[in-house]
Amino acid sequence: MGIVASIILYLVAQKFKVLENPIIYDVEDALPAANCGGCGYPGCRNFAEACVNSDSLDNLYCPVGGQETMNIVANLLGKEAIQTDPRVAVIRCSGSFENRPRTNHYDGALSCAIASALYVGDTDCPVGCLGMDDCVVVCEFEAIYMNRKTGLPVVIDEKCTACGACVAACPRDIIELRKQNKKDRHIFVSCINPEKGGIAKKYCSVACIGCTKCFKVCEFEAITMGNNLAFIDSDMCTLCRRCVTECPTDAILEINFPPRRTKTDKENTASNKISEKVNTNIKEQD
Amino acid sequence: MRNNQVLKTYKIGGIHPSEYKLTDKSLVNILPLPEKVTILLSQHIGVPAIPVVSKGDTVKVGQLIAQGRGFVSASIHSSVSGKVVKIDSIPDLTGYKKPAIVIEVEGDEWEEDIIQSTDLKKDISLSKDEILEKIRESGIVGLGGAAFPSHVKLILPHGKNAEALIINGVECEPYLTSDHRLMLEYGEEMMVGIQILMKVLNVRKAMIGIENNKADAVHYLRDISSKFPGIEVYSLKVKYPQGSEKQLIKALTDREVPSRKLPIDVGVVVHNASTAYAIYEAVQKNKPLINRIVTVSGKSLKNPSNFVVRIGTPIQFLIEAAGGLPENTGKVISGGLMMGKALNSLDVPVIKGMSGILVLTEDETKRESIEPCIRCSKCLSVCPMGLEPYLLMPLTLDGNFYRLEKEMVLDCLECGSCSYICPANRPLLDYIKFGKTEVTKLINERKLV
C-alpha cells in the first residue's frame, strides 16, 4: 500500500513539476529579504522574478539594498543597473507645539488617516502633521520615532532605507524622499501649506509664506515657486545654505550641519532650534 | 383598540440610549437675523452648486445664488437680503475649506413671488411635472441629516413603481426635537406636503412613522389625518436607530431592503417629516429652502430651545440665543448625539442638513480608556444591519479592505450602536467609517479599470 502511494505521489510530482529559472534563487539571495514592498512588488521573491524576467533593470530598484545590491543583481543577470542616488525620507512640517498653536483637542481613534478623514486636526492647519504615529507604525526599519516634545516625527537617516512606506501611509503627504547628501545633510522647505502667506502664518509661525526671497537668492536655480510655496530640488541644491539665512519665517530647515559661528542673532530661530533638537535626539538614540 | 395594538419596530439589533428630550415642550422660536451669513455651496450629497452672483451684488431673501450642477445636486438660495461681500473658501463643519458665499445682512426684503402669509393652502393646483420642477428649483434636500437632493428620490427609475410613501417622523436621536415640534406646530402644512409627495409619486397610501415617546404628535396627527385621505399615522416602539431608512421600512412594512439597494426596490419611498414641510412651502408658497428648525440643547445650557434659523447663521449666534456657551463645555456637536459630529469651531454656519446643536459638558464627553476586545459579542447583537463590528475594526487596522468588502462593511449605516454598547470602550465606528471610505475607493478604482 505504502509503495503504491509513493509511486502515485512520485508520478504526480513529476507530472506537475514547476520548472523555475534557478537564477531567481540567486537573485533573491542577493536581496535584503526585508519584504518591505519599497520596490513596488509585494516581496523580495516577486522582485527577483521581475528582475530575471524583464529585459532591462531600468525601472527596477531596491531602495533598501541600494546601488550595491542592484550592481550584484546586474552582475548575476548580465544586465546593466542604472545609477540611482540613495534617498532618504524627510518630514516637511515644522509645526511643533511651540510653532503651531493647538486650537482644539482630539480624543478619537489614534490614527492620522482617521483623524484626517474626520476633520482638519487639532490645529487649524489643514495640511500639517497630525502626530498620531501612522508613519512610525508602518516603518519596518524603526527609522522614524515620534518626538513627544515637538509632536513631530523624526527620521533617523542611518536607518532609513527610503522604502516609501511612510510616504504612502501619511494621509497629508508631508513625507518626501530626497537625495541623500554627504554626512546626511539636508536643506528643504519644511512646509507644504499652499495657502496665501498671511493665512498660512496665522496657523503656524514657521509656515512658508511664498515670499520668493529664497528663490531670488539661490544662484543654482534649485528653488522653484508654485502654490504659494518654495520647493528646493535636492538634485540641484549645493547645500550653500544661503536660502536658510534669507527665509523670514525659518521655514527652510538645515539638518546635520555644524552650527554657524557668526550671526549670533540667528541662534534663537526656530529652524536652528529644531535642527539642534534633531541632532541631539539622534545622538540620544544612538 | 389602538391602545391594545402591538407597537411596530424592526427586528435585528438596536439600542435604548437615554432620551434627554429637553426641548419637546418648548415652542419653536424664530431667531432674529444675524449680521452676516455664510452659505456653503456644498450642503448636500452630490456635486457642489456653482455661484451665479458675484461680489458686491445685492440679493433678496429667496434669490437664487448658486445653481445646482448635474442631476444629483441642489440649488442654493439666499437666506437673507443684503450684499454679497465674499465668495471664497471658508472652513466648513470639518474645518477644511470649502467654497461659500458670505452675505452681509441689510434689512429683510423678500423676493416678490414668495407668499409670506401663514394661511394653510390645501389645494394642489400644479401638475406632477410642475411640482417636480418646483422642488428641484427650490433646492430641497433631505432634512433628516443626510441632505440628499429630494427631487432625485422622487424621479423613479424606469420600470419601478412606488406602492407607498413613508414619512419619517421617528427622530430616534437623543436630545433632538426639531421634527417633533414641527409635527405639532406645522402638522397640517406637513400633511399637505405629504399629499404633494403622494401626487408626484402616484401613490394612494402614505405612512407616517413616529416613535411613541412623541405621543402628543401621534394623537394630533391622527386627529387631523381624517381630513387627509390615504395618510395613516403609526406609533412605533422606541428604539435607536429606527429613524434610519431601512429600519423604518422594515418596521412599517416588514420589507427588507437588500444590500446596496434602494427603498424603491421594495416599492417604497421615504422622506423626512421636515422635508415634507419644506416641500409644502416650496410648492404652495413658492418659498425655497432658506430656513429650518434646529434644536439647540444640552443639559448645561441655560435656555435649550427649538429655533427657526436661516441657513448660514453662525452656530455661535444660536448658542448665544440659547443662553451662551457654559464654561464647562467639553464638546459642541452638530446633529444628533449618536451620529453627529463634534465641531472644532463655533464660526461654522448652519447648513440644510443640520437638525441640532448639542452642547455637552466635559464630564459627558469624557472618553474612557480603550481596553482589548473581550469577545462579548454585544456589538453583534446591537448592530441593526447584522454586521460584525468586532471583526470590522481589526480588518481596517490590518488594511485588509478586500475582506472588509466581503464582510459587507458598506451596509453599515454609521449609527454608532456598536461603539455605544462596547464594554471595552473600543472606538469601533471610527475605524469602520475609515474602512468604508477605503472600500469605496477600492470599488471606484475597480470601476475605472
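For clarity, every value in this text was computed on a predicted model and none was experimentally measured. (Residues numbered from 1 in each chain as written. Chains lettered and ligands numbered in written order. Predicted model: local features only at pLDDT ≥ 70, side-chain atom pairs only at ≥ 80, totals over all residues.)

**Topic: the domain arrangement of chain B**
All names here are of chain B. This is how the line gets drawn: Domain ranges listed in this record stem from an automatic or a database domain assignment. With C-beta atoms placed from the backbone, a contact is any residue pair whose C-beta atoms sit within 7 Å. Segments assigned H or I by DSSP are reported as helices when at least four residues long, segments assigned E as strands when at least two residues long, and all are numbered from the N terminus.
Split into domains, chain B comes out as domain 1 (34–104), domain 2 (128–285), domain 3 (292–300 + 312–365) and domain 4 (378–448). Centre-to-centre separation of domain 1 and domain 3, based on C-alpha positions: 22 Å. Facing 12 residues of domain 1, the contacting portion of domain 3 comprises 14 residues. Here the side of domain 1 that touches domain 3 takes four residues from strand β2 (residues 36–40), the largest share from any one element.

**With respect to the packing of helix α1 (residues 128–137) of chain B against helix α4 (residues 187–201) of chain B**
Residue and element names in this part refer to chain B. Selection criterion: All axes here are fitted lines through C-alpha atoms, helices being fitted over the stretch that makes contact, and every angle between N-to-C directions spans 0 to 180 degrees. Geometric relationships in this document are graded by angle, where less than 35 degrees denotes roughly parallel, more than 145 denotes roughly antiparallel, 65 to 115 denotes roughly perpendicular, and other angles denote oblique. Crossing handedness is read from the near helix: turned anticlockwise from the far helix by less than a right angle, it gives a left-handed crossing, and turned clockwise, a right-handed one. Residues were grouped as follows: Ala, Val, Leu, Ile, Met, Phe, Trp, Tyr, Cys and Pro as nonpolar; Asp, Glu, Lys and Arg as charged; and all remaining residues, including Gly, as polar.
Between α1 and α4, the shortest axis-to-axis distance is 9 Å and the interhelical angle comes to 120°. Judged by the angle between their axes, α1 and α4 are oblique. The chirality of how α1 crosses α4 is left-handed. Residues K128, I131 and L132 of α1 form the contact with α4, whose own contacting residues are I196, K199 and V200. The residue makeup of the contact of α1 with α4, split by class, is four nonpolar, no polar and two charged.

**With respect to the environment of K287(B)**
All names here are of chain B. We count it as follows: With C-beta atoms placed from the backbone, a residue is buried if 20 or more other C-beta atoms are within 10 Å of its own, exposed if 12 or fewer are, and partly exposed between those counts.
Mapping K287 onto the fold places it in the loop between α7 (273–285) and β13 (291–297). C-beta crowding within 10 Å serves as the criterion here: with 22 such atoms nearby, K287 is assigned to the buried category. Separated by 122 residues in the primary sequence, K287 and L165 have C-alpha atoms spaced 23 Å apart. In contact with K287, other than residues within four places in its own chain, are G62, I114, E281 and A282.

**Some points on the pairing of strand β10 (residues 205–211) of chain B**
All names here are of chain B. Counted only if it meets this: Strand pairing is assigned whenever DSSP detects at least two bridges linking the two strands.
Counting buried positions over the seven residues of β10 gives six, a clear majority of the element. Bridge count between strand β9 (residues 164–168) and β10: five bridges; the pairing is parallel. In the sheet register, N168 faces β10, and the bridge partner there is G209. With six bridges joining them, β10 and strand β11 (residues 231–236) adopt parallel strand pairing.

**Topic: the domain arrangement of chain A**
All names here are of chain A. The assigned domain composition of chain A is domain 1 (20–84) and domain 2 (87–285). When each unit is reduced to the centre of its C-alpha atoms, the spacing between domain 1 and domain 2 is 32 Å. Listed as interface residues are six residues of domain 1 and, on the opposing side, seven residues of domain 2. A per-class count over the side of domain 1 that touches domain 2 returns four nonpolar, two polar and no charged.

**Some words on the sheet that holds β13(B)**
All names here are of chain B. Taken in spatial order, the six strands of this open sheet run β1-β14-β13-β17-β15-β16, and their pairing is mixed. Only two strands of the sheet have a single partner each, and these edge strands are β1 (28–30) and β16 (341–342). When strand β15 (residues 329–334) meets β16, the two strands line up antiparallel, connected through two bridges. Each bridged residue has a counterpart across the sheet, and for I333 the counterpart in β16 is A342. Each of β1, β13, β14 (305–310) and β17 (356–361) is contacted by helix α3 (residues 178–185), which is oriented at about 125° to β13, the strand it contacts most.

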